[in-house]
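# Descriptive analysis of the structure
Here is what each chain is made of, one letter per residue.
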Amino acid sequence: MGKVRVAAFAVSLDGFGAGPGQDLSNPLGVRGLELMRWFFETATFQKMHASAEGQASGSTGIDNGFAERSFENVGAWILGRNMFGPVRGPWESWGAEAWNGWWGEEPPYHVPVFVLTHHARPPLEMKGGTTFHFVTDGPDAALALAKDAAGEKDVRIGGGVSTVRAYLQAGAIDELHLVLAPMLLGEGEPLFHGLDLPKLGFAHAEAVQGENATHMILRRGV
């Protein structure tokens, strides 16, 4: 049986997992992309976004090692709707052109992805093996579907903050890989406000200083 895990989830020093005011120009809220600087500089990220003819570059040190680990043995993903895009309300509200995600024709998942939403939409099949399934029956239903799709592999909770919090509160997450970014956001979406991680069964298991961030692993039942 695979694990349910959060991986490579960046948090500011003051505890925010995203900035305020997410929109088309700010996918992770204002200044939110600064949280992911550690990831953008890795060979893993550069390879994902290299053109067919382009030469991938990027760092190959500790940060890259954790970035690689975050994609290993993943059989399905769960995303909150805001992680899929900035569209609010019915999907048709975006206008004549349907919103198909932030990632272009070939998203980086390559497995089934279950998107939490209040608005139904047919499955969206993309290049490279990614199919987005839009789940309107809530987090529990999405998790059951993701576990079934993943089989013996892991289910990765991709975010955003409210989605991670919902699965933490439900006691559904086995492992939490946080990336502590050396920055202060001041405002945004707090990850741990009101949560008691020890009471939820989590303990610190690993801490490693990377080139551009600190990697913290928390596990339940350690």
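Check the entry above for the structure.
Per chain, residues are indexed from 1 in the order of the written sequence. For this predicted model, a pLDDT threshold of at least 70 governs which residues receive local features, and a threshold of 80 or more governs which side-chain atom pairs are given and counted, while totals over whole chains, interfaces and linings are taken from all residues. For side-chain calculations, the full set of non-hydrogen atoms in the structure is used, while hydrogens and water are omitted.

### Overview of the environment of Leu33
What counts as a helix is a DSSP run of H or I of at least four residues, what counts as a strand is a run of E of at least two, and both are numbered from the N terminus. Along the chain, the position of Leu33 falls in the loop between β2 (16-18) and α1 (37-40). On the basis of relative accessibility, which here comes to 41%, the residue Leu33 falls in the partly exposed class. Separated by 23 residues in the primary sequence, Leu33 and Ala10 place their C-alpha atoms 9.7 Å from one another. A contact between two residues is defined here by any heavy atoms of the two lying within 4.5 Å. Once residues within four sequence positions are removed from consideration, Leu33 is found in contact with Pro27, Leu28 and Phe40. Exposed residues in this analysis have more than 50% of their type's maximum accessible area, buried residues have under 20%, and partly exposed residues fall in between, with area computed by a 1.4 Å probe over protein chains only.

### Points about helix α5 (residues 139-150)
Between its terminal C-alpha atoms α5 stretches 16 Å, which fits the 16 Å expected from 12 residues at 1.5 Å a residue. Of all the residues in α5, the buried ones are Ala142, Leu143, Ala146 and Ala150. The buried residues of α5 all sit within an arc of 100° when viewed along its axis, so they share a single face. With respect to the buried face of α5, the exposed residues turned more than 90 degrees away are Asp140 and Asp148. Lining the buried residues of α5 we find β1 (4-11), β3 (74-80), β4 (112-116), β6 (131-135), β7 (154-159) and α6 (161-169). Just past α5, the residue Gly151 takes up positive phi, approximately 65°. For a helix, the expected span equals 1.5 Å multiplied by the number of residues minus one. An arc is given here, and it is the one of the directions from the helix axis to the C-beta atoms.

Purely geometric numbers; function is a separate question.
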